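In case you want the letters, here they are:
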Amino acid sequence: MFITQLVQQVIGGISIGAIYCLLALGFSLMSRAINVIHFAQGDFFMLGGFASITFYLILKLPFWLSIILSTLCVSCVGIAFERIAYKPLWKSHHVFILMSTAATSIVLSNSAVLIWGPDAWRFPRIFSDQVLNLSGILIPVEMLWISISAVVIMILFNAFLQKTKLGKGFRAAAQDREMAQGMGVNLKLADSFVFGASAGLGAVGGVLVAPILFVTPYMGLIYTIKGFTAAVLGGMGSIRGAILGGFLLGIMENLSAAFISSTYKDAIVFVLLLLLLLFKPSGLLLKPTVEKV
Amino acid sequence: MKRGQFIKYLFIAAVLLILPYLLKDQYSRHIINMVFINCIMAISVNIVFGYTGGLTFGHVAVYGIGAYTSALLSTKLGFSFLVSFCLAGVAGALVGIIVGYPTLKLAGPYFALATMGFHKVMEMIFLNWEAVTGGPSGITGIPSPAIFGIQFKTEERYYYLLVIVTLVIYTLYRNLIRSHRGKTITAMRDNAIAASAMGINVPLTRISAFTMSTVFSALAGSLYAHMVKYVAPEAFPLGESITLLMMIVLGGPGFLMGPIYGSVVVVLANEYLQNLEQFNMLVFGIGIMVLLIFLPSGIAGLIERLRFRLRAEKEGVLYTREVGIEEMK
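What you see is a predicted model; the values in this text were computed from it and never measured.

J.: How should I be thinking about the overall build of chain A in this particular structure?
T.: Tallying secondary structure elements over chain A gives 11 helices and four strands in all. What you see for chain A is a C-alpha radius of gyration of 19 Å, in line with the 19 Å of a compact globule of 293 residues. Dimensions of chain A, computed from the C-alpha atoms along their principal axes, are close to 60 × 50 × 35 Å. Taking all 293 residues of chain A together, the buried fraction comes to 49%. Contacts in chain A between residues at least 24 apart in sequence constitute 75% of all its contacts with a sequence separation of at least 6.

Below, the structure is given as structure tokens:
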């Protein structure tokens, strides 16, 4: 009985973990490429949810098209903020860029209140509400779909970075900007790609969980913290680490909600983050780095 | 003290003394009191953000801890104002050490998110630990302070108490920044590795600056609790941290007078923006972005630059007395 419950919780954790993976991937990408932590990551997630509501519920487009359109729109928002708000700060103290991203988060969540109102929106069911029963372990089909789509997106994204010429160029830009530029990588495009892609990854996550969650304008912050925790868990800047961290965080969160306390579920995550930062700030996969002059 | 300076201080003292009599209604007196409390908070955030270069979202939680500590001690244990005020400061120091020890080693963004996490944890505790904090309904019936038989019952009497406390805290803060330790803090902000090579104990300096700022925050919380006589979780939202950061950025991060200019302007502006309601935070967000790009050293930086130009014309000497966070790269 206990084992069944345990497995049940782990499976639930994996499906929500897939969403954390997408968020963590966005964080990791940006941290590695330009050494910025984007505080509005969770708000792009929220924006993705709202954009899909607009396209699917209000404009009545098919679901696949609204996924693509909302991802593109949110990516454009990400790029726009890069151009307007962060470019002029490039040479300032790093705290200023950090603060500007925090301000982005406020602007986005409050604009969402103005556009879509302060109330929670419910997305209709897209996937079937069947539940698979594997010898006592219940797996909702929609959870399965969400995790599979998230994993497919991550694989495609990774393949783009590893295999295509453009992706290789972007990775080169992340390692050494001047050198990459000398080799003919378009840095402007690479920067825009980083901002657009991480916003887009957040947005896809938002679209995917919209059918199982309520979408509210202020949901961004909590997902920012969770995605960040997942990214730190695996090791900030590493793509494999982000994926591992996302799944681990999902599983741990579900287990602590089931076996410790569901009221303090989020608090447990933060305590975990603090402990992790205290004892292993470089994450589970990366080796600690020493800062040199 | 030069004569001009003496006249300036005299003028400031006179304005501070008669201010409550210029404002007739209760509400604007309350707003003025809030300016002072926010001023203390802004000073404490400026120590962390402007001088040590750490983006903090946790100071409102410390403010809440100070308020709750003071409220609990004076309602449940019947402690007098002075005792609970001081013990709130002690609580702030403890929080500063407990939170600061693990988080201050972290690089910028990690520190920012860790403090944000700390705020969320405290928020949950305020809301859910009903036996102590009273849950969502909070703690009521906090007595108004009395020191050596003087009652601070009305808003205008409370105003004088706030003025005294704020001046004491400002003096402490000014002395900290101008002292040797203050210089080490700034050096550490500009380049931690170089500072440690010069023999500065970076972790100790960081934690002492952080603890000092959390003590100030907790004291501000205690003052707040005794002023409104009621504390509840919704008085300490994360958005308040954003407002504080807005004050710092507007006033001038890393400038001595920055938090004072910032808190006066932002609290008053907040009252005028009140009729815009949901635009309020949006305006703050856009305001922060615009200020960071066009006026990164804030009002204090602007004044300093004007002074610099004046001095350069008059005396032919080129120097600035203060350097904000933005000028040093």
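J.: Explain the interface of chain A and chain B here, please?
T.: Accessible area lost when the parts come together is the quantity often used to give the size of an interface. Tallying the contact residues gives 35 residues for chain A and 34 residues for chain B. Only α4 (94-116), α9 (220-234) and α11 (265-279) of chain A provide two or more residues apiece to the side of chain A that touches chain B. In terms of residues, the side of chain A that touches chain B owes the most to one element, α4 of chain A, which gives 13 residues. Looking at side-chain class alone, the side of chain A that touches chain B contains 25 nonpolar, seven polar and three charged residues.

J.: I would appreciate a short explanation of helix α13 (residues 279-294) of chain B in the present structure.
T.: An α-helix turns once per 3.6 residues; consequently, residues spaced three or four apart project the same way. Spanning 16 residues, α13 of chain B covers 22 Å between terminal C-alpha atoms, matching the ideal 22 Å at 1.5 Å per step. Among the residues of α13 of chain B, M281, F284, G285, I288, M289 and L292 of chain B are the ones counted as buried. Viewed end-on, α13 of chain B has its buried residues packed into an arc of 130°, placing them on one side of the element. Along its buried surface, α13 of chain B packs onto α3 (63-86) and α4 of chain A together with α11 (238-251) of chain B.

J.: So what exactly am I meant to see when it comes to the packing of α3 of chain A against helix α8 (residues 187-209) of chain A here?
T.: Helix-helix packing is described using two parameters, namely the angle between the two axes and the distance between the axes. Residue and element names in this part refer to chain A. Where α3 contacts α8, the two axes come as close as 7 Å, and the packing angle between them is 140°. Between α3 and α8, the angle falls in the class oblique. As α3 runs across α8, the sense of the crossing is right-handed. In contact with I67, S70, T71, V74, S75, V77, G78, I79 and E82 of α3, α8 contributes D191, S192, F195, G196, S198, A199, G200, A203, V204 and V207. For the contact of α3 with α8, a count of residues per class yields nine nonpolar, eight polar and two charged.

Reading the values: rules and limits
Residues numbered from 1 in each chain as written. Chains lettered and ligands numbered in written order. Predicted model: local features only at pLDDT ≥ 70, side-chain atom pairs only at ≥ 80, totals over all residues. Helix = DSSP H or I, 4+ residues; strand = E, 2+ residues; numbered from the N terminus. Rg over C-alpha atoms; globule rule 2.2 N^0.38 Å. Buried ≥ 20, exposed ≤ 12 C-beta atoms within 10 Å, placed from the backbone. Contact = placed C-beta atoms within 7 Å. Nonpolar A, V, L, I, M, F, W, Y, C, P; charged D, E, K, R; others polar. Expected span 1.5 Å × (residues − 1). Arc of directions from axis to C-beta. Axes fitted to C-alpha atoms, helices over the stretch in contact; angles between N-to-C directions. Parallel < 35°, antiparallel > 145°, perpendicular 65-115°, else oblique. Left-handed = near helix turned anticlockwise from the far one by under 90°.

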